[in-house]
Amino acid sequence: MTLDISAERSEPAHGPTHPPLAGTRERAASPWLRPVAAQASAHSPAGASGSRIESWMPWFAGPVAPPTAAGAFMDWWIHLAASPDKQLELASLAAEQALLLRTAGFAGERIAPMPQDKRFAGAAWRRPPYDAIAQAFLLVERWWRAATIHVPGVTRHHEEMTAFAARQWLDMFAPSNFITTNPLVQERILAEGGMNLLRGAQQTAEDLWRDLADLPPAGAEAFEPGRTVAVTPGRVVLRNRIMELIQYAPTTPTVYPEPVLIVPAWIMKYYVLDLSPHNSLIRHLVDRGFTVFAISWKNPAGADRALGMDDYEKLGVRTALEAIGRIVPRARIHATGYCLGGTLLSIAVAALGRDGRSPLQTLTLLAAQTDFTAPGELGLFIDESQVAFLEQLMARRGYLDKKQMQSTFQMLRSNDLIWSYRLHSQLLGERRPVTDLMAWNADGTRLPARMHSEYLRGMFLDNALARGEWRVDGRPINLADIRVPIFNVGIVQDHVAPWRSVFKLHALTDAEQTFVLTAGGHNVGIVNPPGQAKSSYRLRTWRAGDRLLTPDEWISATTPVADTWWTPWLEWLRDHSGRRIAPPSMGSVAESLPPLEAAPGLYVHER
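Being a predicted model, the structure only gives us computed values, none of them experimental. (Residues numbered from 1 in each chain as written. Predicted model: local features only at pLDDT ≥ 70, side-chain atom pairs only at ≥ 80, totals over all residues. Heavy atoms only, no water.)

**Side note on the pattern of salt bridges**
Applying the stated rule across the entire model yields 41 salt bridges. The salt bridge partner of Glu 141 is Arg 145, with a shortest N-O separation of 3.9 Å. Pair noted here: Glu 141 and Arg 145 are both in helix 5 (residues 130-147), with a separation of four residues, about one helical turn. By relative accessible area, which is 8% here, Glu 141 ends up buried. For Arg 145, a relative accessible area of 37% translates into the label partly exposed. Where Asp 473 meets Arg 318, a salt bridge forms, and the shortest distance between an N and an O atom there is 3.3 Å. You can see Asp 473 sitting in the loop between strand 9 (471-472) and strand 10 (475-476) and its partner Arg 318 sitting in helix 10 (residues 309-327), a full 155 residues away along the chain. (Salt bridge = Lys/Arg side-chain N within 4 Å of Asp/Glu carboxyl O. Helix = DSSP H or I, 4+ residues; strand = E, 2+ residues; numbered from the N terminus. Buried < 20%, exposed > 50% of the residue type's maximum accessible area, 1.4 Å probe, protein only.)

**Overview of the nonpolar core**
If you look at the biggest cluster of nonpolar residues, it comprises 122 residues, and the most contacted ones within it are Leu 245, Leu 261, Leu 363 and Trp 565. Residue contributions to this core peak at nine residues, all from helix 11 (residues 340-354). Beyond its immediate stretch of four places on either side in the chain, Trp 565 contacts Leu 281, Leu 366, Phe 487, Val 489, Val 516, Thr 518, Gly 525, Ile 526, Asn 528 and Tyr 537. With 10 residues, the next largest nonpolar core counts Phe 137, Leu 138, Leu 139 and Ala 174 among its residues. (Core = buried A, V, L, I, M, F, W, Y, C linked by side-chain atoms within 4.5 Å. Contact = heavy atoms within 4.5 Å.)

**Things to note about the packing of aromatic side chains**
In this structure the tally under the stated criterion is 27 aromatic pairs. Both rings, one in Trp 76 and one in Trp 144, keep their centres 6.2 Å apart while their planes meet at 40°; by these two values the pair is tilted. Of the two residues, Trp 76 sits in helix 3 (residues 66-81) while Trp 144 sits in helix 5, which places them 68 residues apart along the sequence. The class of Trp 76 is buried, set by a relative accessible area of 6%. Here Trp 144 falls in the partly exposed class, since its relative accessible area comes to 31%. When the ring of Phe 164 is compared with that of Phe 381, the centres are 5.6 Å apart and the planes differ by 85°; the resulting orientation is edge-to-face. With a gap of 217 residues between them, Phe 164 in helix 6 (residues 156-172) and Phe 381 in the loop between strand 6 (360-366) and helix 12 (384-397) connect regions that are remote in the sequence. Overall, Phe 164 belongs to the buried group, its relative accessible area being 6%. Relative accessible area serves as the criterion here: at 5%, Phe 381 is assigned to the buried category. (Phe/Tyr/Trp six-rings, centres within 6.5 Å; stacked < 30°, edge-to-face > 60°.)

**Looking at the pairing of strand 2 (residues 243-248)**
Counting buried positions over the six residues of strand 2 gives six, a clear majority of the element. Alternating positions in strand 2 separate into two faces, Met 243, Leu 245 and Gln 247 on one and Glu 244, Ile 246 and Tyr 248 on the other, with burial throughout. In this sheet, strand 2 lies alongside strand 1 (residues 234-239) in antiparallel orientation, the contact comprising five bridges. Looking at strand 2, one finds that Gly 234 is bridged to Tyr 248. Between strand 1 and strand 2, which pair antiparallel in sequence order, lie three residues. Here five bridges tie strand 2 to strand 4 (residues 292-297), and the two strands are oriented antiparallel to one another. Residue pairing across strands places Glu 244 opposite Ser 296, the latter belonging to strand 4. (Pairing = 2+ DSSP bridges.)

**Quick look at unusual backbone geometry**
In the segment running from Pro 128 into Pro 129, the intervening peptide bond is cis, with an omega of 0°. With respect to the helices and strands, the residue Pro 129 is situated in the loop between helix 4 (84-107) and helix 5. With omega at 10°, the peptide bond leading from Ala 599 into Pro 600 counts as cis. Even without a glycine there, the phi angle at Cys 339 is positive, about 60°. The residue Cys 339 is located in the loop between strand 5 (333-338) and helix 11 in this model. Phi angles above zero are rare outside glycine, and Asp 473 is one such case at about 55°. According to the relative accessible area criterion, Asp 473 is partly exposed, its value standing at 37%.

**Points about the packing of helix 6 against helix 14 (residues 414-427)**
In helix packing, the relevant descriptors are the interaxial angle and the interaxial distance, both defined with respect to the helix axes. For the pair helix 6 and helix 14, the least separation of the axes is 10 Å and the interaxial angle reads 25°. Judged on the interaxial angle alone, helix 14 and helix 6 are roughly parallel. Crossing hand, helix 6 versus helix 14: right-handed. Taking contact as the criterion, the partners of Gln 168, Asp 171 and Met 172 in helix 6 are, on helix 14, Ser 414, Asn 415 and Trp 419. Residue composition of the contact of helix 6 with helix 14, by class: two nonpolar, three polar and one charged. (Axes fitted to C-alpha atoms, helices over the stretch in contact; angles between N-to-C directions. Parallel < 35°, antiparallel > 145°, perpendicular 65-115°, else oblique. Left-handed = near helix turned anticlockwise from the far one by under 90°. Nonpolar A, V, L, I, M, F, W, Y, C, P; charged D, E, K, R; others polar.)

**Quick notes on helix 6**
Taking 1.5 Å of rise per residue, 17 residues should cover 24 Å, and helix 6 covers 24 Å from first to last C-alpha, within 8% of that figure. Within helix 6, the full set of buried residues consists of His 158, Glu 159, Met 161, Thr 162, Phe 164, Ala 166, Gln 168, Leu 170 and Asp 171. As for helix 6, its buried residues are in contact with helix 3, helix 5, helix 13 (402-412) and helix 14. (Expected span 1.5 Å × (residues − 1).)

**A word on the environment of Ile 242**
Assignment of secondary structure puts Ile 242 in the loop between strand 1 and strand 2. Under the relative-accessibility criterion, Ile 242 is labelled buried at 1%. It is 10.0 Å that separates the C-alpha atoms of Ile 242 and Lys 314, two residues lying 72 residues apart in sequence. Apart from residues lying up to four places away in sequence, Ile 242 is in contact with Trp 297, Lys 298, Leu 307, Asp 311, Tyr 312, Leu 315, Gly 316 and Tyr 603.

If you want it as structure tokens, here you go:
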């Protein structure tokens with residue numbers, strides 16, 4: 001598939017970054033939390049009112065805080081009620097669509113769904129009365145899109161939230177979800193004598209039981225880390241309270257002198273980059289002569305509630321870099337970060353650059369944001385009210401549960417991840433085969449309360465990293481202090497780190513940047529080995545002094561290439577590497593880094 005692209009925040013609430021006058025206010029220990037009084041319920045034993053909040057909070061543990069949802073709805077409703085012009089526009093549109101539906105029924109004209117909407121793709125939807133049912137739904141969908149945008153006076157955030165909520169409700173009540181209005185389900189019932197519904201009921205009961213028992217989905221047991229996935233040979237060479245550092249065994253007689261460090265996100269487990277042998281990015285690197293190290297994050301529990309972003313930077317990235325420097329002395333490192341791991345890696349690299357002691361040869365960022373002014377639909381779930389809600393929710397356990405995160409990401413793609421799944425499993429009686437990527441996606445992790453609060457406030461609310469206000473070791477860092485060549489990967493259909501947001505790094509540092517835009521989604525776009533029929537990418541290198549292009553200008557200046565982004569990345573790494581040498585030892589006993597357990601280690605098995 002060839003790539004096809006169609007288509008100043010105010011001062012933070014906690015004030016500027018210079019020290020306040022003595023005695024004017026007092027902060028919590030972390031620079032990314034609000035004053036102590038405002039955060040007591042999130043990171044210390046709550047008072048009486050906090051306890052009462054916690055007592056009912058679990059009942060509202062959905063992705064959106066009730067006050068946030070209510071505020072968005074009231075903002076939209078009140079302004080719509082006060083706008084006769086918008087009401088007239090919607091009334092006119094309703095009349096126009098009623099006529100259009102009549103025309104579609106008698107003249108054969110059809111209203112096309114959105115390009116990604118496959119719900120009405122079957123031939124059975126072209127027969128009456130199902131064609132009229134589908135067309136009526138698409139018209140209602142179009143009307144609600146018009147009703148929830150461009151209402152005078154509604155804030156942009158509330159407008160986006162209301163439009164998103166309307167889409168969720170419409171997806172829920174789509175005619176494809178019901179037996180009486182879905183011709184494909186009716187055909188299956190007639191063909192199987194209703195046995196598909198019996199299988200669907202059994203599968204629904206099994207899914208419910210597995211969810212209550214916190215078990216992986218049916219079929220995921222075939223993908224066990226260390227047995228069928230995460231099987232690239234290696235050894236844990238360092239373990240601390242926050243991560244294990246894995247060194248992978250060489251498969252070539254000589255290797256490039258610069259090792260690769262992979263920093264994954266701790267939102268999920270690291271082995272998304274070491275799935276099955278055929279699609280393992282780590283194995284791909286090892287087989288081509290690179291010495292690879294990877295961080296495997298610990299799955300935190302309630303006792304880890306006080307772990308913050310500083311802990312992940314120091315005990316994670318910085319400790320891993322120091323360990324690699326002791327195992328492979330004097331070697332410069334190709335550092336690679338994925339998603340939140342890439343954001344954290346950019347923080348660490350900027351701090352090292354600020355201090356003039358960076359051990360890096362290059363920096364690679366995979367679907368990682370450094371500027372959060374346009375975080376995409378994920379930003380719908382993040383505002384002051386929502387963050388406060390999550391802090392109260394996390395105060396009870398000390399972490400954000402994986403189910404809370406999973407429900408948020410499912411809502412971003414509810415049509416594919418919720419309703420399409422239920423259609424096939426419950427109504428058609430089909431079990432879709434579980435892939436290694438799907439099994440990994442179900443192997444979720446928790447997030448420490450302090451870290452998650454710091455991340456949401458510092459990045460999404462204050463955009464502190466891009467503004468040069470994020471602090472490491474008590475001093476601000478600036479992304480302009482990253483001076484090594486950067487390979488930056490954005491993904492066309494990424495709903496977690498939109499590529500136009502990832503692209504913003506161009507304006508934040510003068511380092512040479514090779515930006516690659518690849519086909520796919522947040523995970524599929526990265527786990528993209530050679531030989532995939534739908535793989536494609538665009539690539540362009542920017543150097544200091546070149547004109548900064550807008551994303552649309554960048555698209556116009558590049559051409560799609562039918563291949564995986566892995567190919568140009570390996571070439572880029574080779575171009576920035578020295579002559580090959582003998583492989584280093586596994587760990588270093590002399591440096592108190594002896595080889596421990598075999599990969600994938602212990603932390604990956606924690607649930």
